[in-house]
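# Understanding the architecture of this molecule
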Amino acid sequence: MKSAVETLNPTRVRLTVEVPFEELKDSLDAAYKKINQQVTVKGFRKGKIPARVIDQRFGRGAVLEEAVNDALPKFYTDAVNNAELNVLGQPEVDITELKDGETLNFTAEVDIRPAIEIPDYSGIEVEVDAVEVSEEDVDKAVEELRERFASTTPVERAAEDGDVVTIDLEAKVDGEILEDGVASGVSYTIGSGELLDGIDDAVKGLEADGEATFTSELKGGSAAGKEAEVSVKVTQVAARELPELDDDFAQLASEFDTLEEMRADSRKRLENMKQYDQATQAQERVLEKLLELVEVPVPEKLLEDEINTRKHNLEHHQLGQMGLDLPQYLEIQGKTAEEFDTETREAAVKGIKTQFVLDELVNKEKLNVNQEELTEHLMRRAASSGMSPDQFAQAVVEGGQVPMLVGEVARGKALAVVVEAATVKDTNGELVDLDDEEEDETSSDVEASSEETPAEGSAEATEASEEKPEA
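Read on for an overview of the structure. These numbers come from a predicted model, not from an experiment.

## Considering the overall build of the protein chain
Tallying secondary structure elements over the protein chain gives 14 helices and 11 strands in all. Along the first, second and third principal axes, the C-alpha set of the protein chain runs to 100 × 60 × 40 Å. Scored against the burial criterion, the 471 residues of the protein chain give a buried share of 39%. On the protein chain, roughly 26,300 Å² of surface is accessible, and the fraction owed to carbon and sulfur atoms is 44%. Across the protein chain, the mean location of the 48 positive side-chain charges is 11 Å away from that of the 110 negative side-chain charges.

In structure tokens, the structure reads:
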């Protein structure tokens, strides 16, 4: 077999392959054997029909077609390996010549990973938010904890801000009561903003058995985004009573004996949260700077597949769970279809470029992933997906996506290398020392499929596919 490579553009090549006919012998034998098992000819036992009879009865062309389809994947793979190509997705194959007893010639156009030159990234500088926890931050955290331990007492008076009311709701659109627009015994804290716009004004001033009607845009359900006429009836008004902020409350709400100790713990927790946010911010900003330094061509077919995957996951998974379709979602977001398409394309381009650049860094820095790192990453992904570790691991294995997870961990380590080499300062001008305990926690662009369950696919799944070329 002879093969040659023609570069069509930085992300696509055409392979020209010439196969001597004798190299088709094994596939021809397999084709005759397969046809033998599928057909019957009077006077011959099944599976014992001579090749010349098959040629006469069913045509030599049928045998050649079966043989070529069987042989093409091997010849294509050999040509790819000989040229040392890093191919993406399925090739477009065209048989240019097939002469019985002489030769098989074909071409295969396929996307490839572009050659990427990683420049010196040690000069990257980024600024992140400073880790500052004020007394007001601590006060807010303690107050939120205090709210969780509030008690309620029914009162015989009109509802006021901060009261907890028990209500019945009924929503109508165009005069028709919605099937999913009726609810009874709903508990609502006035002023919390957790229900419909306008409900606070409607229920304030009402006593038990009081009713009101107001108009509001529905946030979810079958009529999400539509204006509805909502009837509300208050069945109970209860006053909320907050516990005193003292040592007794600290003992009730925490493992600490004093309010001072509990406040110190709250401060430490807030600092840890801000440090985590700071590390994430550093990763994202370093990654953006790195992508600015590297020229990365994006294969159009891979980009198209990634855009379609992102749209599919949004429409059929995220929005489906919320009871919304895409037009309703866009209306709520205040976006046009064109704006959504532009944003999706930009995110897909960034995701693919991120993968290419970080994968090249993995190779350049010779980074490996050990079993412990993979297990830790799997545990985190399982938690974020709402699945148990065992369920997630089973889905990963059954979907053949272990390499995808290994790639995510490796890319996380590659980004950590760049972050470590970068200069990171906070808004106060102080150097930030980022430890490596979160080195495989990467931004959403690094894990392009982080919101997907293992079997759903992404640009990486498209890239890793090994579909067989057919004539």
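## Let's talk about the pattern of salt bridges
For the coordinates displayed, the defined rule picks out 30 salt bridges. The closest approach of N and O atoms between Arg 263 and Asp 139, which form a salt bridge, is 2.9 Å. Here the residue Arg 263 occupies a position in helix H7 (residues 259-293), and Asp 139 occupies one in helix H4 (residues 135-148), the gap between them amounting to 124 residues. Relative accessible area serves as the criterion here: at 22%, Arg 263 is assigned to the partly exposed category. Judged by relative accessible area, which is 37%, Asp 139 ranks as partly exposed. For Glu 343, the salt bridge is made with Lys 335, and the minimal N-O distance between the two is 2.7 Å. Residues joined by salt bridges that share partners form a network here, namely Glu 6, Arg 12, Arg 14, Glu 92, Glu 109 and Asp 111.

## Focus: the sheet that holds strand S3 (residues 87-99)
Strand order in the open sheet formed by four strands is S1-S2-S4-S3, and the pairing between neighbours is antiparallel. Edge positions in the open sheet fall to strand S1 (2-9) and S3, since each of these has one partner strand only. Neighbour-to-neighbour, the strand axes of the sheet open up by a mean angle of 20°, direction not taken into account. Of the pairings in the sheet, the one linking S3 to strand S4 (residues 103-112) comprises nine bridges and is antiparallel in character. By the bridge assignment for S4, Leu 88 is matched with Asp 111.

## Some points on the packing of aromatic side chains
Using the criterion set out here, one finds one aromatic pair in the structure. Between Phe 149 and Phe 249, the aromatic rings sit 6.0 Å apart at their centres with planes inclined by 85°, giving edge-to-face as the arrangement. Of this pair, Phe 149 sits in the loop between H4 and strand S6 (151-154) while Phe 249 sits in helix H6 (residues 247-253), and the two are 100 residues apart along the sequence. Take Phe 149: its relative accessible area is 31%, and that puts it in the partly exposed class.

Quick notes on the rules
- Residues numbered from 1 in each chain as written.
- Predicted model: local features only at pLDDT ≥ 70, side-chain atom pairs only at ≥ 80, totals over all residues.
- Heavy atoms only, no water.
- Helix = DSSP H or I, 4+ residues; strand = E, 2+ residues; numbered from the N terminus.
- Buried < 20%, exposed > 50% of the residue type's maximum accessible area, 1.4 Å probe, protein only.
- Areas by Shrake-Rupley, 256 points an atom, 1.4 Å probe, with all protein chains shown as cover.
- Lys, Arg positive; Asp, Glu negative; His and termini not counted.
- Charge placed at Lys NZ, Arg CZ, Asp CG, Glu CD.
- Salt bridge = Lys/Arg side-chain N within 4 Å of Asp/Glu carboxyl O.
- Pairing = 2+ DSSP bridges.
- Axes fitted to C-alpha atoms, helices over the stretch in contact; angles between N-to-C directions.
- Phe/Tyr/Trp six-rings, centres within 6.5 Å; stacked < 30°, edge-to-face > 60°.

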